[in-house]
Amino acid sequence: MTEVATVDPDVLEGTVLRIAEPDELVIPVCGGLDAEDGEAKEEYTERPMIPVELLTAHPGNVREDKQADQGFLRSVGAVGVLVPLEITVAPGGGYRVVDGNIRLDAAVRTGKHAVPYFFSADTADDEGLQYLHMLITSRFRKSLSVHEEAAALFEASKLMTRADIRKATGLSAAEVKAGVRAGGLSDHTKELAAGMEYEWTLEELALLRPFEDDPEAMQVITRSQYNPIKYTVQRLLDEREARARRAKMLAELEQAGVTVTDDRPDGALFLHRLLNGEQVMDAEAHAGCPGRGATVGAWREAQPSFYCLDPVKYGHVFVDTGTTSPPKPHAVTAPESRDAKPSANRKIVVEGNKAWEAAGTVRQQWLVDFLARSTPPKNVAAVIARFVTEQLVTMPEPLCRALGSARHSRMFQSFGNPSSDTVAKSTQPGLWMIALAPIATAFEREITGDGERRNTWRQDKYSPCTRQDVGAWLRFLAEIGAKHGYEPSPIEKAVAEGTPYLGDNPAQDALGADDLDRAEDTDSEEREGELEDDLEGKDHDDHTIDPITHTDEQASRGSASTEPVTETDLADPALPQDPDDTPHPAQEHLAAEVAQEMPEADLQAEAA
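As the structure is a prediction and not an experimental result, all values here were calculated from the model.

A.B. asks: What is the right way to read the overall build of the protein chain from this model?
C.D. replies: Within the protein chain, the secondary structure is distributed over 23 helices and 14 strands. In the protein chain, which comprises 608 residues, the share counted as buried stands at 42%. Considering only contacts within the protein chain whose residues lie at least 6 apart along the sequence, 72% involve residues at least 24 apart. Of the roughly 32,300 Å² of accessible surface on the protein chain, 51% is carried by carbon and sulfur atoms.

A.B. asks: Looking at this structure, I do not really get the sheet that holds strand 12 (residues 292-296). What am I missing?
C.D. replies: The strands making up a sheet associate through hydrogen bonds between their backbones, and the pairing can be parallel or antiparallel. The sheet built from four strands is open, its strands ordered 8-12-13-9 with mixed pairing. Two strands close off the open sheet at either side, each with one partner strand: strand 8 (259-261) and strand 9 (269-270). Most of the contacts of helix 10 (residues 229-255) go to strand 12, to which it runs at about 175°, and overall it touches strand 8, strand 12 and strand 13 (304-308).

A.B. asks: Mind showing me how you'd approach the packing of aromatic side chains here?
C.D. replies: According to the stated counting rule, one finds nine aromatic pairs in the structure shown. On the numbers, 6.3 Å between centres and 85° between planes, the contact of Tyr-95 with Phe-119 is edge-to-face. In this pair, Tyr-95 is assigned in strand 6 (residues 95-99) and Phe-119 in strand 7 (residues 114-119), connecting sequence segments 24 residues apart. Accessibility classification places Tyr-95 together with Phe-119 in one group, the buried group. Consider the rings of Trp-366 and Phe-370, whose centres lie 4.9 Å apart with planes at 20°: the pair is stacked. Separated by four residues within a single helix, Trp-366 and Phe-370 lie in helix 12 (residues 343-370), roughly one turn from each other. The pair Trp-366 / Phe-370 is uniform in exposure class, with both members buried. Among the aromatic side chains, those forming a connected cluster through ring pairs are Phe-387, Phe-443, Trp-473 and Phe-476. One residue, Arg-363, lies across the ring of Trp-356, its end atom 5.6 Å from the ring centre.

A.B. asks: Help me out: how do you make sense of the pattern of salt bridges in this one?
C.D. replies: Note that side chains of opposite charge can pair when their charged atoms are close. Scanning the entire structure with this criterion turns up 16 salt bridges. Between Arg-209 and Glu-212 there is a salt bridge whose closest N-O contact spans 3.7 Å. When its relative accessible area of 32% is taken as the criterion, Arg-209 is described as partly exposed. Judged by its relative accessible area of 22%, Glu-212 is partly exposed.

A.B. asks: Just checking my understanding: could you explain the packing of helix 13 (residues 381-394) against helix 17 (residues 428-447) for this structure?
C.D. replies: When two helices pack together, their arrangement is given by the angle between the helix axes and by the axis-to-axis distance. Helix 17 packs onto helix 13 with a crossing angle of 55° between their chain directions and a minimal axis gap of 10 Å. Classified by the angle between their axes, helix 13 and helix 17 sit oblique to one another. The interaxial crossing formed by helix 13 with helix 17 has left-handed handedness. Contacts between helix 13 and helix 17 involve Ile-384, Ala-385, Phe-387, Val-388, Thr-389, Gln-391 and Leu-392 from the first element and Trp-432, Met-433, Ala-435, Leu-436, Ile-439 and Phe-443 from the second. Considering only residue class, the contact of helix 13 with helix 17 consists of 11 nonpolar, two polar and no charged.

A.B. asks: Even after reading the chapter, I still don't get unusual backbone geometry, so can you show me in this structure?
C.D. replies: Trans is the common state for peptide bonds, and a negative phi is the common state for residues other than glycine. Backbone geometry at Met-395 places phi at a positive 45°, although glycine is not the residue there. Looking at where Met-395 falls in the secondary structure, it is placed in the loop between helix 13 and helix 14 (397-402). A positive phi angle, close to 50°, is found at Asn-417, a residue other than glycine. Here Asn-417 shows up in the loop between helix 15 (410-414) and helix 16 (420-425). Look at Asn-417 and you get partly exposed, because its relative accessible area is 40%.

A.B. asks: Sorry if this is basic, but what is going on with a nonpolar patch on the surface here?
C.D. replies: Judged by side-chain polarity, Leu-132, Leu-135, Ile-136 and Phe-140 come together as a nonpolar surface patch covering roughly 420 Å² of accessible area. The topology assignment puts Leu-135 in helix 3 (residues 127-139).

A.B. asks: Is there a simple way to think about the state of the cysteines in this case?
C.D. replies: One covalent bond between the sulfur atoms of two cysteine residues makes up a disulfide. Going through the model one piece at a time under the given rule, you end up with zero disulfides. With no disulfide partner, Cys-289 has as its closest neighbouring cysteine sulfur the one in Cys-308, 3.9 Å distant.

A.B. asks: Looking at this structure, I do not really get the environment of Ser-120. What am I missing?
C.D. replies: With respect to the helices, strands and loops of the structure, Ser-120 is situated in the loop between strand 7 and helix 3. Along the chain, Ser-120 and Gln-130 lie 10 residues apart, while their C-alpha atoms are 9.3 Å from each other. Other than its neighbours up to four places away in sequence, Ser-120 contacts Glu-86, Ile-87, Thr-88 and His-133.

A.B. asks: Hey, could you run me through the confidence of the model for the protein chain in this one?
C.D. replies: In low-pLDDT segments, the atomic positions of the prediction should not be examined closely. When pLDDT is averaged across the protein chain, the result is 78; 73% of the residues are at 70 or more. Predicted confidence is poor over residues 1-20, with pLDDT under 50, and the contacts of this stretch with residues over four places away or in other chains come to 42 contacts. This model gives residues 22-35 a pLDDT under 50, and the stretch forms 28 contacts once residues within four places in sequence are excluded.

Criteria and cut-off values
- Residues numbered from 1 in each chain as written.
- Predicted model: local features only at pLDDT ≥ 70, side-chain atom pairs only at ≥ 80, totals over all residues.
- Heavy atoms only, no water.
- Helix = DSSP H or I, 4+ residues; strand = E, 2+ residues; numbered from the N terminus.
- Buried < 20%, exposed > 50% of the residue type's maximum accessible area, 1.4 Å probe, protein only.
- Contact = heavy atoms within 4.5 Å.
- Areas by Shrake-Rupley, 256 points an atom, 1.4 Å probe, with all protein chains shown as cover.
- Pairing = 2+ DSSP bridges.
- Axes fitted to C-alpha atoms, helices over the stretch in contact; angles between N-to-C directions.
- Phe/Tyr/Trp six-rings, centres within 6.5 Å; stacked < 30°, edge-to-face > 60°.
- Lys NZ or Arg CZ within 6 Å of the ring centre and 35° of its normal.
- Salt bridge = Lys/Arg side-chain N within 4 Å of Asp/Glu carboxyl O.
- Parallel < 35°, antiparallel > 145°, perpendicular 65-115°, else oblique.
- Left-handed = near helix turned anticlockwise from the far one by under 90°.
- Nonpolar A, V, L, I, M, F, W, Y, C, P; charged D, E, K, R; others polar.
- Patch = residues over 30% accessible without salt bridge, like charges linked within 9 Å, V, L, I, M, F, W, Y side chains within 5 Å.
- Disulfide = S-S within 2.5 Å.
- pLDDT = per-residue confidence, 0-100.

Structural data, given as structure tokens:
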């Protein structure tokens, strides 16, 4: 007769073990005496342990992924295997694991000498029942909900350090931080989240924290439950940042003595239509004029547009005449596209520009985490290899234009910044992830940022990256992200599918309280859309926004400065002149504005 000792794994080494008969593998119970009445009572010993060397994984394990992931390995390495393995006798001797094969894999890979077990005698001679036990133990095992996980992490954080929680659970530091934040949400916020038809993660729940005291924002989140929460939250953060930035800018302008209006007053002209000597007028040169004023758009990166209330009264020289006499109005045919756009399309332009920026921020943050992997996930490795190869063979325009300089950008650094040393140390599967980093950088730099890159989502505007090329990129990310935490936003889906973007919630108004107000003011929406179109017509430097710091790669944002803002700092750049001195399209449009500003009698005289 043989037996297996019930031992502590820390003192297992050197212990002589003998295999017991199946009916002898039981939880040992020892008798004891009650201290008061002397009666015997039962005391349970520590759980029985069995050496891993006596166990074999089930040859017919039905799980496709038979290996423990990194998080589980970290947890087992820290606290060992907690749930006992179900074992039975193996036909060739020793013991077979019926349920707990991944736990066995984790124990072996983390160097554990023994694991807890219980013996299943009824499956010893019934392999069919072994398969059913695999099914039953998994099918009827109810995991904690994400809300319950957050509550557990929050309560544990009151008694333990986050480092200890991270070691015991195998969760990353970011996951523990998110779980603790999510567990600390108010009861009302938890109820709102639980009532939504949305599969939350700890990270997504934690994103609600800044909006707990903002009922309007929470309303936006709850009504946008069919869109990715990260994207909706980013939209709200962008709106909040834009409001704060605009308020700060208005305060600084008013402190500098600049009159600020929502729109350009009748009779006023923007400074790029006036001259200061031979140069276009700027805010610094105009600082002493009593008619100085400015408007500030409502979008996130809006800069002040400075104007003069009455150029004739204050003796300014006009760009079009070179004198203090205003230009005579002449017939100018506005671009057909401008006449053809109704106010609804203006609202979509405003909505789409904000949506595309927020989607890019969320997408690039996900890429930072995904590209940090040393090897591609097995279930998408072939997809990545095929896409990388196809892009290098076909070399679409975004790669032709941006691939050569990709490694010098901040975005490439945030995407892992792989080098020749990284390549030398990488495994063969890892090479595909390394090759993906510069391709990701090239695409993201060409479809996000300033200037015409903002037009990527639009079907009526030129952009450096065609919808066909960006659609292929977004479809690829959606395919690999479906199993790894990335869900495309409505505007990304529209571009990927080659369909028009009609808003995040086509049946509802634009996102956010500010947008709800603007939806009631069609004229205001049209003016904002027109001004955005005018700004898009300007030449722009090659700017790209870093996905982590949200800073420009070639120029710091005005909002990032801690120095007081002056009129010079906030000056609107002059519109560019064409090399052949022909009127710039924006000047032609402005000429039409002059015609609209002229008194009716003057217009009739000019027509005569």
